[in-house]
Amino acid sequence: MSHTASRNKRIALIFLLPAVLILFVTTIYPMVYALWLSFRNYDLSKPFIPRIFVGLTNYIEILSSQAFFHALLTTFKLMAMTLSVQLVLGVGIALLVTQKLPGMALVRTLLLIPMMISPVIVGLVWLFLYFPELGYLNYFIGLVGLGPIPWITSTRWALTAIAIADIWQWTPFIMMGTAAALQSLSPEPYEAARIDGNSRWDVFRYVTLPQLKPVLISLLFLRAIDAFKIYDIIYVLTKGGPGDATEVMSLYIYRQSFTFWRMGVGAAASFVSLIIITVLITFFFKSMQRSQATQAR
């Protein structure tokens with residue numbers, strides 16, 4: 001029996017080894033190397049110069065940089081704009097598409113299409129829509145007598161333009177998760193609410209929403225992490241401009257690493273971002289625990 005168990009263990013290790021090697025090569029080693037690099041002065045334009053150990057200098061420079069905090073603030077602004085609208089639209093659309101109406105299955109499928117498109121393609125599509133004179137958005141705005149809006153060339157509108165594109169692409173993600181949760185809810189509380197004569201708003205507020213809260217928190221958490229790493233759409237639409245109006249953390253790290261060739265500073269900024277995301281994860285789990293404790297009561 002022990003011989004068979006030992007043999008099965010060896011077979012399991014053999015099957016796991018390729019996955020472990022791939023994980024090491026693609027994730028663990030690059031992360032450890034980036035951490036090592038964040039404590040060194042490494043100019044990518046001079047790759048043969050020794051990478052001198054500078055301690056916490058890169059981190060101190062980042063945390064005392066106005067550009068870093070501007071990029072961090074811009075990231076959180078964009079997250080707030082996109083997540084709030086995606087939550088409202090996603091829940092509203094989910095409530096609609098879960099109704100037993102003809103053609104709802106086709107509608108749900110069509111609504112998922114934006115989420116399946118590459119972010120680069122989404123950026124190009126919205127770039128054509130945002131063109132100052134030839135774009136369709138300004139054409140339709142002109143039909144109602146309003147002047148053209150400089151969507152991606154104005155510091156006032158550029159971040160909003162990016163938020164609109166992101167909302168268009170990722171609202172289906174919130175909708176899909178919420179719709180799945182709605183279809184799994186128990187019908188008994190709704191029957192009791194109808195017997196008591198509650199309005200639809202009261203049923204949604206006091207019956208549906210509390211049951212959806214853990215799912216909505218999970219969806220917002222996943223979207224928050226993804227929004228914190230947003231890069232493709234912004235690079236295609238504005239490249240962080242005009243000026244630095246749309247420079248988020250990912251673009252700040254890119255500029256430090258591949259525009260100014262300061263790989264050590266870019267690596268340090270990456271790990272500061274990792275710490276921020278870790279804080280978000282901790283906050284998420286605490287929120288989930290509080291929500292579960294409240295429901296248990």
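Shown above is the structure to which this text applies.
Residues numbered from 1 in each chain as written. Predicted model: local features only at pLDDT ≥ 70, side-chain atom pairs only at ≥ 80, totals over all residues. Heavy atoms only, no water.

Participant: How should the overall build of the chain be read in this particular structure?
Facilitator: Tallying secondary structure elements over the chain gives 13 helices and two strands in all. Since a compact globule built from 297 residues should have a radius of gyration of about 19 Å, the 24 Å found for the chain marks it as more spread out than a globular shape. In terms of its C-alpha atoms, the chain occupies a principal-axis envelope of roughly 80 × 75 × 35 Å. Within the span of the chain, comprising 297 residues, buried residues form 38% of the whole. Put simply, 67% of the contacts in the chain that link residues at least 6 apart link residues at least 24 apart. Here the chain displays about 18,100 Å² of accessible surface, and carbon together with sulfur accounts for 71% of that area. (Helix = DSSP H or I, 4+ residues; strand = E, 2+ residues; numbered from the N terminus. Rg over C-alpha atoms; globule rule 2.2 N^0.38 Å. Buried < 20%, exposed > 50% of the residue type's maximum accessible area, 1.4 Å probe, protein only. Contact = heavy atoms within 4.5 Å. Areas by Shrake-Rupley, 256 points an atom, 1.4 Å probe, with all protein chains shown as cover.)

Participant: Explain unusual backbone geometry to me, please; I cannot follow it from the model alone.
Facilitator: Glycine aside, the phi torsion of most residues is negative, and most peptide linkages are trans. Omega for the peptide link from Gly 241 to Pro 242 comes to -5°, which places this bond in the cis form. Residue placement: Pro 242 occurs in the loop between α11 (232-237) and α12 (249-259). The phi dihedral of Lys 239 is positive, around 55°, even though this residue is not glycine. Turning to its location among the elements, Lys 239 is positioned in the loop between α11 and α12. Take Lys 239: its relative accessible area is 45%, and that puts it in the partly exposed class. Positive phi, normally seen in glycine, also occurs at Trp 261, with a value near 65°.

Participant: Quick question: what am I supposed to make of a nonpolar patch on the surface here?
Facilitator: A cluster of nonpolar side chains, namely Val 120, Ile 121, Leu 124, Val 125, Phe 128, Phe 131 and Leu 134, defines an oily patch on the protein surface of about 630 Å² accessible area. With respect to the helices and strands, Leu 134 occurs in the loop between α6 (119-130) and α7 (136-143). (Patch = residues over 30% accessible without salt bridge, like charges linked within 9 Å, V, L, I, M, F, W, Y side chains within 5 Å. Salt bridge = Lys/Arg side-chain N within 4 Å of Asp/Glu carboxyl O.)

Participant: Got a minute to help me understand the packing of helix α3 (residues 66-97) against helix α10 (residues 200-228) in this structure?
Facilitator: Angle between the axes and distance between the axes are the two parameters that describe a pair of packed helices. Remark: α3 packs on α10, axes separated minimally by 10 Å, with the N-to-C direction vectors making an angle of 140°. It follows from the interaxial angle that α3 and α10 lie oblique. The way α3 lies across α10 gives a crossing that is right-handed. Residue-level inspection shows Leu 72, Thr 75, Phe 76, Met 79, Leu 83, Gln 86, Leu 87, Val 91 and Leu 95 of α3 in contact with α10, the latter providing Phe 204, Leu 216, Leu 220, Arg 223, Ala 224, Ala 227 and Phe 228. Each residue belonging to the contact of α3 with α10 can be placed in one class, and the counts come to 13 nonpolar, two polar and one charged. (Axes fitted to C-alpha atoms, helices over the stretch in contact; angles between N-to-C directions. Parallel < 35°, antiparallel > 145°, perpendicular 65-115°, else oblique. Left-handed = near helix turned anticlockwise from the far one by under 90°. Nonpolar A, V, L, I, M, F, W, Y, C, P; charged D, E, K, R; others polar.)

Participant: Please explain the nonpolar core as it appears in this structure.
Facilitator: Generally speaking, a soluble globular protein has its nonpolar side chains buried in company with each other. One finds Ile 62, Phe 68, Leu 72, Phe 228, Met 249 and Tyr 252 to be the most contacted residues of the largest nonpolar core, which totals 25 residues. Listing elements by their share of this core, those giving two or more residues are α2 (57-63), α3, α10, α12 and α13 (263-296). Per element, the largest residue contribution to this core is nine residues, and it comes from α13. The residues touching Tyr 252, leaving out its near neighbours within four places in the chain, are Ile 62, Ser 65, Ala 67, Phe 68, Ala 71, Glu 247 and Ala 269. Met 104, Met 115, Ala 193 and Leu 216 belong to the second-largest nonpolar core, a separate cluster that totals 22 residues. (Core = buried A, V, L, I, M, F, W, Y, C linked by side-chain atoms within 4.5 Å.)

Participant: Teacher, can you tell me more about the pattern of salt bridges here?
Facilitator: Once their charged atoms are close, side chains differing in charge can pair, the charge on each being opposite to the other. On inspection of all chains with the given rule, the structure shows four salt bridges. Here Arg 223 and Asp 166 are joined by a salt bridge, their closest N and O atoms 2.9 Å apart. Here the residue Arg 223 occupies a position in helix α10, and Asp 166 occupies one in helix α8 (residues 158-183), the gap between them amounting to 57 residues. Through salt bridges with shared partners, a single ionic network connects Asp 166, Arg 223 and Asp 226.

Participant: Teacher, can you tell me more about α8 here?
Facilitator: Given 3.6 residues to a turn, an α-helix orients residues that are three or four positions apart in the same direction. Over its 26 residues, α8 runs 38 Å from end to end, which matches the ideal 38 Å to within 8%, given 1.5 Å per residue. Along its length, α8 shows its largest kink, about 40°, at Gln 169, and proline Pro 172 lies within four residues downstream of that point. With 20 of 26 residues buried, α8 is to be regarded as a mostly interior element. (Expected span 1.5 Å × (residues − 1). Bend = angle between axes of the 7 residues up to and from the residue.)

Participant: Explanation requested: the packing of α6 against α8 in the structure shown.
Facilitator: Relative to each other, α6 and α8 sit at 130°, their axes nearing to 10 Å. For the element pair α6 / α8, the angle class is oblique. The handedness of the crossing between α6 and α8 comes out as right-handed. Within the contact between the two elements, α6 uses Pro 119, Val 122, Trp 126 and Tyr 130 and α8 uses Ala 161, Ile 164, Ala 165, Trp 168 and Gln 169. Its residues assigned to classes, the contact of α6 with α8 comprises eight nonpolar, one polar and no charged.

Participant: Would you mind showing me how to read the packing of aromatic side chains here?
Facilitator: Two aromatic rings are characterised by how far apart their centres lie and by the angle between their planes. Per the stated rule, a full pass over the model turns up 18 aromatic pairs. Measuring from ring centre to ring centre gives 6.0 Å for Phe 76 and Phe 228, while their planes differ by 65°; the resulting arrangement is edge-to-face. Of this pair, Phe 76 sits in helix α3 while Phe 228 sits in helix α10; the two residues are 152 residues apart in sequence, bridging distant segments of the chain. Overall, the relative accessible area of 34% leaves Phe 76 in the partly exposed class. (Phe/Tyr/Trp six-rings, centres within 6.5 Å; stacked < 30°, edge-to-face > 60°.)

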